[in-house]
Amino acid sequence: MKETKLPEELEEQAILDALGILDPEDRPAFMVRLQGESDLLRQVVKSYHATTGALTSVVAPVTPPVTLRERLVNQVALEAAREAERFELAADTLALGSVPVTPRDSLRERLLSRIEGESNARFDLRATANIRGETSVPVGEGMADEREKRLLQDDSPAIGYDRAGQPFRTSYGLS
Amino acid sequence: MPVMTAQLTKLAQDQEWTQLIALTAQGDQAALATLYDRTSAQVFGLVVKILTNREAAEEVTLDVYTQVWRQAHTYDRTRGAPGAWLMMLARTRAIDRFRAGAAEHGRMESLDAAHLFASDDETPEQDVEGQERRRYVRQALAKLAEEQRQAIALAYFYGLSQSEIAEKLQLPLGTVKTRIRLGMMKLREALAPYEAGLVP
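Throughout, residues of each chain are indexed from 1 in the direction in which the sequence is written. The order in which chains are written sets their letters, starting at A; the order in which ligands are written sets their numbers, starting at 1. pLDDT decides what is reported in this predicted model: residues at 70 or higher carry local features, side-chain atom pairs at 80 or more are listed and counted, and totals for whole chains, interfaces and linings draw on all residues regardless. Heavy atoms from the whole structure form the basis of all side-chain values; hydrogens and water molecules are not counted.

A.B. asks: Let's hear about the overall build of chain A: which residues, and what values?
C.D. replies: A helix here means a DSSP run of H or I that spans at least four residues, while a strand means a run of E at least two residues long, and both kinds are numbered starting from the N terminus. Scanning chain A from terminus to terminus reveals six helices and two strands. Listing every helix and strand of chain A by position from the N terminus yields α-α-α-α-α-α-β-β. Relative accessibility under 20% of the residue-type maximum defines a buried residue, over 50% an exposed one, and the middle range a partly exposed one, all with a 1.4 Å probe and only protein chains included. Expressed as a percentage of its 175 residues, the buried residues of chain A come to 25%. Contacts are assigned to residue pairs with any non-hydrogen atoms lying within 4.5 Å of each other. Of the contacts formed within chain A by residues at least 6 apart in sequence, a portion of 49% connects residues at least 24 apart. Per-residue and other accessible areas were derived by the Shrake-Rupley procedure at a 1.4 Å probe size, with only the shown protein chains allowed to occlude residues. Counting every atom, chain A has about 12400 Å² of accessible surface; 55% of that belongs to carbon and sulfur.

A.B. asks: I'd like a rundown of the overall build of chain B, residues and numbers included.
C.D. replies: In terms of regular secondary structure, chain B is built from eight helices and zero strands. Scanning chain B from its N terminus toward the C terminus, one meets helices and strands in the order α-α-α-α-α-α-α-α. Within chain B, buried positions represent 44% of all 200 residues. A separation of at least 24 residues holds for 66% of the contacts in chain B among residues at least 6 apart in sequence. Surface accessibility of chain B: about 9900 Å² in total, with carbon and sulfur atoms responsible for 51%.

A.B. asks: Give a description of the interface of chain A and chain B that names residues and reports values.
C.D. replies: The partner chain B presents 51 residues to the 39 residues of chain A that form the contact. A 1.4 Å probe defines the accessible area here, and the buried area is the portion of it lost by two parts on being joined, summed over both. Around 4400 Å² of area is buried between chain A and chain B when both sides are counted, 67% of it from carbon and sulfur atoms. When the buried area of chain A at its contact with chain B is split by residue, Val 58, Pro 61 and Val 62 of chain A rank highest and sum to 15% of it. Of the charged contacts, one joins Arg 71 of chain A and Glu 59 of chain B as a salt bridge, the two residues approaching to 3.1 Å between their closest N and O atoms. What qualifies as a polar contact is a pair of N or O atoms within 3.5 Å, subject to a donor-acceptor requirement within protein and to the restriction that residues adjacent in sequence count only when both atoms come from side chains. Remark: the boundary between chain A and chain B carries ten residue pairs in polar contact (both at pLDDT 80 or more). Within the residue set of the side of chain A that touches chain B, elements represented by two or more residues are α1 (8–19), α3 (39–56) and α4 (66–96) of chain A. Under the convention adopted here, Pro, Cys and the residues Ala, Val, Leu, Ile, Met, Phe, Trp and Tyr are nonpolar, Asp, Glu, Lys and Arg are charged, and Gly plus all remaining residues are polar. A per-class count over the side of chain A that touches chain B returns 23 nonpolar, nine polar and seven charged. In what follows, salt bridge is the name for a side-chain nitrogen of Lys or Arg lying within 4 Å of a carboxyl oxygen of Asp or Glu.

A.B. asks: If you had to explain the packing of helix α5 (residues 128–142) of chain B against helix α8 (residues 173–195) of chain B to someone new, which residues and values would you point to?
C.D. replies: Residues and elements named next belong to chain B. Contact geometry for α5 and α8: axes closest at 9 Å, N-to-C directions at 155°. Classed by the angle they form, the pair α5 and α8 counts as roughly antiparallel. Here the hand of the crossing between α5 and α8 comes out right-handed. On α8, the residues that touch Arg 133, Tyr 136, Val 137, Ala 140 and Leu 141 of α5 are Leu 187, Ala 190, Leu 191, Pro 193, Tyr 194 and Glu 195. Interaxial angles span 0 to 180 degrees and are taken between N-to-C directions of axes, which are lines fitted to C-alpha atoms, for helices over the stretch in contact. Under this scheme an angle from 65 to 115 degrees is roughly perpendicular, one under 35 degrees roughly parallel, and one over 145 degrees roughly antiparallel; angles in between are oblique. In this scheme, a crossing is called left-handed if the near helix is turned counterclockwise away from the far one by less than a right angle; it is called right-handed if the turn is clockwise.

A.B. asks: I'd like a description of the packing of aromatic side chains, backed by residues and values.
C.D. replies: How two aromatic rings sit relative to each other is given by the distance of their centres and the angle of their planes. Residues and elements named next belong to chain B. Planes of paired rings set the category: under 30 degrees apart is stacked, over 60 is edge-to-face and the rest tilted, where pairs are Phe, Tyr or Trp rings (Trp by its six-membered ring) whose centres lie within 6.5 Å. Enumeration over the complete set of coordinates arrives at four aromatic pairs over all chains. On the numbers, 4.7 Å between centres and 45° between planes, the contact of Phe 98 with Tyr 158 is tilted. A residue pair is termed long-range when its members are at least 10 positions apart, and Phe 98 in helix α4 (residues 82–105) and Tyr 158 in helix α6 (residues 146–158) qualify at 60 residues. Comparing Phe 98 with Tyr 158, the two get one shared label, buried.

A.B. asks: Lay out α3 of chain A with the relevant residues and their values.
C.D. replies: One fewer than the residue count of a helix, multiplied by 1.5 Å, yields its expected span. The first and last C-alpha atoms of α3 of chain A sit 27 Å apart over 18 residues, in line with the 26 Å expected at 1.5 Å per residue. By the burial criterion, the buried members of α3 of chain A are Leu 40, Leu 41, Val 44, Val 45, Tyr 48, Thr 51, Thr 52, Ala 54, Leu 55 and Thr 56 of chain A.

A.B. asks: Please set out a negative patch on the surface residue by residue, giving values where relevant.
C.D. replies: On the surface, a cluster of negative charge is contributed by Glu 9, Asp 23, Glu 25 and Asp 26 of chain A. Residue placement: Asp 23 of chain A occurs in the loop between α1 and α2 (27–36). To count toward a patch, a residue needs a relative accessible area over 30% and no salt bridge; like charges are then connected within 9 Å, while nonpolar side chains (Val, Leu, Ile, Met, Phe, Trp, Tyr) are connected within 5 Å. When charges are counted, neither His nor the chain ends are considered; positive counts come from Lys and Arg and negative counts from Asp and Glu. Where a charge sits is defined by one atom per residue type, namely NZ (Lys), CZ (Arg), CG (Asp) or CD (Glu).

A.B. asks: Residues and numbers for the side chain of Asp 17 of chain A, please.
C.D. replies: Relative to the elements of secondary structure, Asp 17 of chain A occurs in helix α1. In this structure the side chain of Asp 17 of chain A is engaged in a polar contact, spanning 2.9 Å, whose partner is the side chain of His 49 of chain A.

A.B. asks: Describe the environment of Leu 72 of chain A, and please don't skip the residues or the numbers.
C.D. replies: Summarising the element assignment, Leu 72 of chain A is placed in helix α4. Overall, the relative accessible area of 2% leaves Leu 72 of chain A in the buried class. Ignoring sequence-local partners within four residues, the contact set of Leu 72 of chain A consists of Leu 32, Tyr 36, Leu 62, Tyr 65 and Thr 66 of chain B.

A.B. asks: Hey, could you go over the layout of surface pockets for me, with residue numbers and the actual values?
C.D. replies: Its volume calculated, the second largest pocket comes out at about 220 Å³. A pocket, in this scheme, is an open set of points on a 1 Å grid over the protein atoms alone with protein on both sides within 12 Å along at least 5 of 7 lines, while a cavity is a set where a 1.4 Å probe fits but cannot get out; residues line either one if an atom lies within 4 Å of a point. Forming the walls of the second largest pocket are Glu 79, Ala 80, Glu 83, Ala 84 and Arg 86 of chain A together with Thr 24, Ala 25, Gln 26, Gly 27, Trp 69, Arg 70 and His 73 of chain B. Contributions of two or more residues to the lining of the second largest pocket are made by α4 of chain A together with α1 (3–25) and α3 (54–71) of chain B. The element that contributes the greatest number of residues to the lining of the second largest pocket is α4 of chain A, accounting for five residues. Its residues placed into classes, the lining of the second largest pocket shows four nonpolar, four polar and four charged. Grid points are joined across faces, edges and corners, and a volume is the space filled by probe spheres set on the points.

A.B. asks: Can you lay out unusual backbone geometry for me, pointing to particular residues and giving the numbers?
C.D. replies: Residue and element names in this part refer to chain B. Of note in this structure, Thr 52 is not a glycine but carries a positive phi near 50°. For Thr 52, the location among the structural elements is in the loop between α2 (29–51) and α3. A relative accessible area of 53% places Thr 52 in the exposed class. Its identity as a non-glycine residue notwithstanding, Gln 170 has a phi of 55°, on the positive side. Along the chain, the position of Gln 170 falls in the loop between α7 (162–169) and α8. On the basis of relative accessibility, which here comes to 71%, the residue Gln 170 falls in the exposed class.

Listed below in structure tokens is the structure:
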């Protein structure tokens, strides 16, 4: 048979909860019951909350002074600005506070080796260009690719880095 | 006002306020200002009633909307209408202020709950639905005994516990408990048709 009426003690707690004066000591147990009990308790609690909610509507509205709105707008703008500042500071702290991690030595070796490989390729290309020059191959016939032409015209020395991280210029003596 | 029209008006109002609270949660200052424009008279009216001091009520009202600005993200529509949430914040803040003042100035003894339900509209109101609702709730309250109204008002508007009410009214605790319980049961019954939307 479906329950239609709450025990008196439970209904009293529902009333006190709606009035906002349920004893703090009783609240945790009441909330647990509210989660687990039958729908009836939830309905009763909701209904008493609607009842007390209606009580506030008895009070007639009173228009606050205009200055209060201005104060609110200014205060909120100030809070928003502070919030933005705090956010920025927190973001900076996070970014700067990240722990540096030294990569393995092999990564450095791989990087240097890659740089060296690219430099050699460049050297080979220039050497090929000189050979072609000697045999008077006109630019445009054998090397239609503009990108390749630009590479051949570039005589600036390449830059390398020693183990101490100091830059040095490399010259392949092509000219 | 026809029932359906009143319900649709309330629904549209709830939707607008919920949207304004959601925008406020995203940091939209204009949305908070609009919410203030829509609701501040009701909030300020309640706080003035509780504190009977306009200056203190202004400060509390400011605190209420500042709290909305900070905690808009905590509003859960499934747990209640936006107006109810806002009035709960206002009532809680006003009670905190009242109790702090009462502890300081011993105002608890001179507390008069009767004025809370008095019909003294200070502002000529354009909100027909609000007036209608107020009239209906007053009629429901009129069905209670004066002692029941007093006990309920002391609890709800001033946050007094049953023991504090018993002490203030110099009554046995059991009497206060009975007044509150019977009064609330009667009020719930009287308001049920209104809450169910059967009455405009």
